[in-house]
Amino acid sequence: MPVILKIILTVSFNTDEASVTVKECIEGIIGGIDYNQNKVNQWTASIVEHSLTQLVKQGKPFKFIVNCAIMQKSGAGLHTANSCYWDTATDGSCTVRWENRTMYCVVSVFAVAVTC
Amino acid sequence: MGDRSGLQAASQLFWKQGCTMMFKDVADFCICVSMTRRGLRLGMAKVTQVDFPPKEMVSYSKETQTPTDTQTHTQARPEEEEDEEELAEAKPAEDSQEKKADQEEKQEEAPPKELTEEEKMHLLHSDEFLTFFDRGSRIVERALSERVDVCFDYSGRDLEDKEGEMQAGAKMSLNRTFSDERWSKNRVVTCLDWSPQYPELLVASYNNNEDVPHEPDGVALVWNMKYKKTTPEYTFHCQHPVYCVNVVGTQNAHNLISISTDGKMCSWSLDMLSQPQDCLELVFKQSKAVAVTSMAFPLGDVNNFVVGSEDGSVYTACRHGSKAGISDVFEGHHGPVTGLSCHSAGGPVDFSHLFISASFDWTVKLWTTKSTRPLYSFEDSCDYVYDVMWSPTHPALFACVDGSGRLDLWNLNNDTEVPSASVVVDGSTALNRVRWSHSGREIATGDSDGQVLVYDVGEPICVPKPDEWSRLVHTLMEINENRDEGDELAAQRLVA
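A quick note: this is a predicted structure, and the numbers were derived from the prediction, not measured.

Enquirer: Before we move on, could you go through the sheet that holds strand β4 (residues 92–99) of chain A and cite the residues and values that matter?
Expert: Residues and elements named next belong to chain A. On the basis of which strands lie adjacent, the open sheet formed by three strands has the order β1-β5-β4 and antiparallel pairing. Each edge of the open sheet is held by one strand with a lone partner, namely β1 (62–72) and β4. Sheet twist, expressed as the average angle between the axes of neighbouring strands with direction ignored, equals 10°. Bridge count for β4 against strand β5 (residues 103–113) is eight bridges, and the pairing is antiparallel. Considered in β5, the bridge of Ser93 is made with Phe110. Helix α1 (residues 15–30) contacts β1, β4 and β5 of the sheet and is inclined by roughly 35° relative to β4.

Right, dumping it as structure tokens:
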């Protein structure tokens, strides 16, 4: 017997899930470590790669852009902002702020839905 | 359906028209879905912002008494420069004439170099000159303020008449008053201390001057008793008002301890004053943070100390060790504790378990660390008692100051009901701080108007006789007996 299905599909970006994924990546790479100028480049690259891999693994149809900034705590202030023009129903971004005693880390993930 | 293009065409129809489709199997359906193209609707996303504010840097600057920006060409300059200028003006700056002048002067002195404007300014602002000027002006100021009586007759003939005057009423006499128009006017004296190294130096700290908000909030001035000049030796200022500090330890291994009303005790190294070396949270019974208003260390002890709090209780505590933090509580005052002092007069008998506390409840109470109830309560004051301190030399003597401007000296061996000596400061100021000098002969007090007054205490009062210590042992025994009797009576009354 033929089965009749009426389905409405929308895929939208889940910011909370992505947030958790990214936070775990950061913790795994620089959790409990002090700022070290020699290693900080390795760290930013690892964080970006690792987060990206984890996000892609989720298998959702998105294009991702991941940005990571690490700043040493020296008393200076850091201020950033971002905004996008896209399909607000399906696309989304999330920004994760993380800090320890010696440094700040800000990771932004932008997810743009793949339509085909 | 089957073939890909067919599926693609179908998918477009599917979504556009929302019509019903027939698929051969689930696989085809999935492919069809994945091929859909929906109409794009684009919009602006909300702006995401990340802010890490800059850290507020607490700065402290040290300034010597004569600020550098008031120096100009017209002020007194070292002799050589004056001579140079005069000579330079006298001679025209032409080569031939200069050479001639040089030759003329060769025998008298080295020819003065004519400095350009720039060089002069550079010299005046150089470190060497500034240090010299600073030292020189301080010495000159001291010399100008000295008033030496050249007609003093050491044979004593003149003194015969005055002897009577000097003996009578010589309990306490005002020696000096220190006040600075710019830095201490309108600020309350928050803390005082005498230098152990130079007995004539006294440091006073002040809180903020509400009338002048752009001046630094915290000021500390070093005053010199030895010379009659009326300006402070050194001036320090910092951004935050200074409340209370204490240096504990020996000359080599010492810490600066500061304590605050948020219950935190911080220990600082004098090399790095931007961050405390370590902090200790003072919490009573693991829950209540103690709002500390005063602190005292017993003589020679750098670990155990007593603190008084806003709620009227006094606590003993330790800085280090397994029992770091609050140990015992001494309840008795009905108002915030304003001052604490641990017994420090060394002698044949050790009284270091005694300490006294002053409070807003108009009383000064005597305690021993061996008991959590007060030994005695001194209730002669009619105003908030702001500070109290044991004499460093006399075991039974202590001073206290209150909000009505009264400075009282109590001698436990003489009388515990009334003070042995008392003086009221002129003007309607409250006395905020009292500090004996290390010799035990002078008392410094600070008032709410920024004045520091130093009193000389008469010998009969402040110099202890050899039997003071044993007399104090008797006095304490009496006090103890009276207290126990008092408690028994109170208990009987409750029962009845």
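Enquirer: Could you give an account of the side chain of Glu233 of chain B, with specific residues and numbers?
Expert: All names here are of chain B. Among the structural elements, Glu233 can be located in the loop between β7 (218–224) and β8 (234–238). On the accessibility criterion, Glu233 (4% relative accessible area) is buried. Side chain to side chain, Glu233 and Arg142 meet in a polar contact 3.2 Å long.

Enquirer: Tell me about the sheet that holds strand β25 (residues 406–411) of chain B, residues and numbers included.
Expert: Residues and elements named next belong to chain B. Strand order in this open sheet of four strands is β23-β24-β25-β26, and the pairing throughout is antiparallel. Here the strands that pair on one side only, and so sit at the sheet edges, are β23 (385–390) and β26 (421–424). Ignoring strand direction, the axes of neighbouring strands in this sheet form an average angle of 15°.

Enquirer: So, the pairing of strand β27 (residues 431–436) of chain B: which residues are in play, and what are the values?
Expert: Residues and elements named next belong to chain B. Burial runs high along β27: six of the six residues are buried. Sheet topology places β27 next to strand β28 (residues 442–447); five bridges connect them, and they run antiparallel. Paired with Val434 across the bridge in β28 is Thr445.

Enquirer: Describe the packing of α1 of chain A against helix α2 (residues 40–57) of chain A, naming the residues involved and giving the relevant values.
Expert: Residue and element names in this part refer to chain A. Running from N to C, α1 and α2 cross one another at 145°; their axes reach a closest spacing of 9 Å. Read as a crossing pair, α1 and α2 show a hand that is right-handed. Contact residues: Ala18, Thr21, Val22, Cys25, Ile26, Ile29 and Ile30 in α1; Trp43, Ser46, Ile47, His50, Ser51, Gln54 and Leu55 in α2. Here the residues of the contact of α1 with α2 sort into nine nonpolar, five polar and no charged.

Enquirer: Could you give an account of unusual backbone geometry, naming the residues involved and the relevant values?
Expert: Residues and elements named next belong to chain B. Non-glycine residue Trp362 carries a positive phi angle of around 70°. Mapped onto the secondary structure, Trp362 falls in the loop between β20 (354–359) and β21 (364–368). The exposure class assigned to Trp362 is partly exposed, which follows from its relative accessible area of 42%.

Enquirer: If you had to explain the environment of Cys25 of chain A to someone new, which residues and values would you point to?
Expert: Residue and element names in this part refer to chain A. Along the chain, Cys25 falls in helix α1. Overall, Cys25 belongs to the buried group, its relative accessible area being 3%. In sequence terms Cys25 and Ser46 are 21 residues apart; their C-alpha atoms lie 8.9 Å from each other. The contact partners of Cys25, leaving out residues within four places of it in the chain, are His50, Ser51 and Gln54.

Enquirer: Give a description of the pattern of salt bridges that names residues and reports values.
Expert: All names here are of chain B. Per the stated rule, a full pass over the model turns up twelve salt bridges over all chains. Close ionic contact of Asp134 with Arg138 constitutes a salt bridge, the shortest N to O distance being 3.5 Å. Placement of both Asp134 and Arg138 in helix α6 (residues 127–145) is noted, with a separation of four residues, approximately one turn of the helix. Among the ionic pairs, Glu233 bridges to Arg138, the shortest N-O distance being 4.0 Å.

Rules used in this analysis
Residues numbered from 1 in each chain as written. Chains lettered and ligands numbered in written order. Predicted model: local features only at pLDDT ≥ 70, side-chain atom pairs only at ≥ 80, totals over all residues. Heavy atoms only, no water. Pairing = 2+ DSSP bridges. Helix = DSSP H or I, 4+ residues; strand = E, 2+ residues; numbered from the N terminus. Axes fitted to C-alpha atoms, helices over the stretch in contact; angles between N-to-C directions. Contact = heavy atoms within 4.5 Å. Buried < 20%, exposed > 50% of the residue type's maximum accessible area, 1.4 Å probe, protein only. Polar contact = N/O pair within 3.5 Å; in protein donor to acceptor, adjacent residues only side chain to side chain. Left-handed = near helix turned anticlockwise from the far one by under 90°. Nonpolar A, V, L, I, M, F, W, Y, C, P; charged D, E, K, R; others polar. Salt bridge = Lys/Arg side-chain N within 4 Å of Asp/Glu carboxyl O.

Geometric descriptors of this kind do not, in isolation, establish any biological role.
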